[in-house]
Amino acid sequence: MVPNVESLDRKNDTKDAKLQEAVNAIVRVSHGMEVEAAIHPALSNLVDNDVVLRIQDFSLWYGKAQALFHIGMDIPKGKVTALIGPSGCGKSTLLRSVNRLNDLIDGVRISGDMLLNGDSIYAPDVDVIELRKRMGMVSQKPNPFPMSIYENVVFPLRIDGIRDRKILDEVCERSLRGAALWDEVKDRLQESALALSGGQQQRLCIARAIAADPEVLLMDEPASSLDPIATAKVEELIHQLRGEYTILIVTHNMQQAARVSDFTAFMYMGRLIEYAPTGVIFVKPQLKETEDYILGRFG
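What counts and what doesn't
- Residues numbered from 1 in each chain as written.
- Predicted model: local features only at pLDDT ≥ 70, side-chain atom pairs only at ≥ 80, totals over all residues.
- Heavy atoms only, no water.
- Core = buried A, V, L, I, M, F, W, Y, C linked by side-chain atoms within 4.5 Å.
- Buried < 20%, exposed > 50% of the residue type's maximum accessible area, 1.4 Å probe, protein only.
- Contact = heavy atoms within 4.5 Å.
- Phe/Tyr/Trp six-rings, centres within 6.5 Å; stacked < 30°, edge-to-face > 60°.
- Helix = DSSP H or I, 4+ residues; strand = E, 2+ residues; numbered from the N terminus.
- Salt bridge = Lys/Arg side-chain N within 4 Å of Asp/Glu carboxyl O.
- Polar contact = N/O pair within 3.5 Å; in protein donor to acceptor, adjacent residues only side chain to side chain.
- Pairing = 2+ DSSP bridges.
- Lys, Arg positive; Asp, Glu negative; His and termini not counted.
- Axes fitted to C-alpha atoms, helices over the stretch in contact; angles between N-to-C directions.
- Left-handed = near helix turned anticlockwise from the far one by under 90°.
- Nonpolar A, V, L, I, M, F, W, Y, C, P; charged D, E, K, R; others polar.

Observations regarding the nonpolar core
For step 1, the next point in the chain: Core analysis: the biggest nonpolar cluster contains 48 residues, and Leu176 and Ile247 have the highest contact counts within it.
For step 2, the next point in the chain: If we ignore the near neighbours within four places in the chain, the residues touching Ile247 are Lys79, Val80, Thr81, Leu217, Met219, Ile238 and Leu241.
For step 3, the next point in the chain: With 31 residues, the next largest nonpolar core counts Leu53, Met114, Met135 and Leu218 among its residues.

Right under this line is the structure:
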């Protein structure tokens, strides 16, 4: 059967038009034109009791270079929220702003605020060390301390001055069970954490992060350096931790975001573009920019 040339032309024109729309949208953002974030009603009408972290008109500069632009979003309690977007879009910068790790970089300044359970993160009188104790942090690469498995887990309690062996033992077991690692290491607690596999080390870091019962658990691409089997275990662990912990995760892997998160925020060029339930944002996003990124038309 000979193809209908006119029909093919129409299909190509439609494809070209969609591609041009995508390019135009990205050009608008690239030139600093404000794109109002599309926030789903499920996330724009949350009451205070349902919000662990509230980000309010937050912007950040590295010297004269602006990295984040007027971010405003609420992180729901007991849910997994994923930040997605191309490399350099501000995902990790936003995550590191929550526990003020960006303070360690010279020339950083911010405007706006973040509230952790109603308390300002950036108020002048905030004790940053105490603030960080209220959060757990899991980095891209496993970073166990050069000490025993046991001491890695109870380290947050040690620095708080807790010496009661019974309390430490209980927290160690509870945290390792919470990180789905107890059965694998219960007979090796006094061995070096550095002897564990990469995937086990990352789950150990998660156990350490939850030992102090954090108000929010921050994860910066926690599976990016792991093999597929270890990645699957970490993703399964995230499923198990939802509900008990509020998790904010940065991932470059959209399939991973779709698998593990309840809500997803798409960022581009330092701006929040769209924020919605994960099922909505991957199936029927509100904005063309989001659809084009998810379908691989850019990024």
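With respect to the packing of aromatic side chains
Any aromatic ring pair is given by two values, namely how distant the centres are and how the planes are angled relative to each other.
For step 1, the next point in the chain: Under the counting rule described, the total for this entry stands at three aromatic pairs.
For step 2, the next point in the chain: Ring centres 4.9 Å apart and planes at 65° place the aromatic pair Phe145 and Phe155 in the edge-to-face group. You can see Phe145 sitting in the loop between strand E7 (135-138) and helix H5 (149-159) and its partner Phe155 sitting in helix H5, a full 10 residues away along the chain.
For step 3, the next point in the chain: In this structure Phe145 comes out as partly exposed when scored by relative accessible area, which is 26%.

Brief notes about the pattern of salt bridges
For step 1, the next point in the chain: In total, this model carries 15 salt bridges according to the counting rule given.
For step 2, the next point in the chain: With a shortest N-O distance of 2.7 Å, Asp160 and Lys133 are connected by a salt bridge. With Asp160 in the loop between H5 and helix H6 (165-178) and Lys133 in helix H4 (residues 128-133), this residue pair connects regions lying 27 residues apart in the sequence.
For step 3, the next point in the chain: Exposure remark for Lys133: the relative accessible area of 27% places this residue in the partly exposed category.
For step 4, the next point in the chain: Close ionic contact of Arg259 with Glu235 constitutes a salt bridge, the shortest N to O distance being 2.8 Å. Placement of the pair is Arg259 in helix H10 (residues 254-260) and Glu235 in helix H9 (residues 228-241), with a sequence separation of 24 residues.
For step 5, the next point in the chain: Residue Arg259 is classed as partly exposed on the basis of its relative accessible area, which comes to 43%.

Quick notes on the side chain of Glu235
For step 1, the next point in the chain: The buried category is assigned to Glu235, whose relative accessible area is 8%.
For step 2, the next point in the chain: One polar contact links Glu235 to Gln256, side chain to side chain, over a distance of 2.9 Å.

Describing the pairing of strand E3 (residues 65-76)
As a general feature of sheets, a regular strand has side chains that alternate between the two faces.
For step 1, the next point in the chain: Examined bridge by bridge, strand E2 (residues 51-62) and E3 share eight bridges and lie antiparallel to one another. Counterpart to Leu53 in the pairing with E3 is Ile75.
For step 2, the next point in the chain: The turn linking E2 back onto E3 is made up of two residues, and Gly63 within it adopts a positive phi angle of 65°.

Considerations on the side chain of Lys91
For step 1, the next point in the chain: Examined against the element boundaries, Lys91 turns out to sit in helix H3 (residues 91-98).
For step 2, the next point in the chain: Comment: no salt bridge for buried Lys91; closest opposite-charge side chain is Glu221, at 4.8 Å.
For step 3, the next point in the chain: Among all residues touching Lys91, those that are not within four sequence positions of it are Leu83, Ile84, Gly85, Pro86, Val250, Thr251 and Met267.

Digging into the packing of H5 against helix H8 (residues 198-210)
For step 1, the next point in the chain: Running from amino to carboxyl end, H5 crosses H8 at an angle of 35°, the nearest separation of the two axes being 6 Å. Crossing geometry of H5 relative to H8 is assigned as right-handed. Across the interface between the two elements, Ile149, Asn152, Val153 and Pro156 from H5 touch Leu204, Ala207 and Arg208 from H8.
For step 2, the next point in the chain: By residue class, the composition of the contact of H5 with H8 is five nonpolar, one polar and one charged.

A few points about the environment of Met219
For step 1, the next point in the chain: Secondary-structure assignment places Met219 in strand E8 (residues 216-220).
For step 2, the next point in the chain: The sequence separation of Met219 and Ile247 amounts to 28 residues, and the corresponding C-alpha distance is 7.4 Å.
For step 3, the next point in the chain: In this structure, Met219 is in contact with Leu95, Val138, Ile206, Ile238, Ile247, Leu248, Ile249 and Val250, ignoring residues within four places of it in sequence.

Re H3
Because an α-helix completes one turn every 3.6 residues, residues spaced three or four positions apart along the sequence face the same direction.
For step 1, the next point in the chain: The buried fraction of H3 amounts to six of the eight residues, a majority that puts the element mostly inside the structure.
For step 2, the next point in the chain: Turning to H3, its buried residues are Lys91, Thr93, Leu94, Leu95, Ser97 and Val98.
For step 3, the next point in the chain: Arg100 sits one or two residues past H3 and shows a positive phi near 60°.

Points about the pairing of strand E10 (residues 263-268)
For step 1, the next point in the chain: E10 sits mainly inside the fold: six of its six residues count as buried.
For step 2, the next point in the chain: Where burial is concerned, the two faces of E10 agree: the one with Phe263, Ala265 and Met267 and the one with Thr264, Phe266 and Tyr268 are both buried.
For step 3, the next point in the chain: Where strand E4 (residues 80-84) and E10 come together, four bridges link them in parallel fashion. Following the sheet pairing, Thr81 is matched in E10 by Phe263.

Don't take any of this as a statement about function, it's just geometry.
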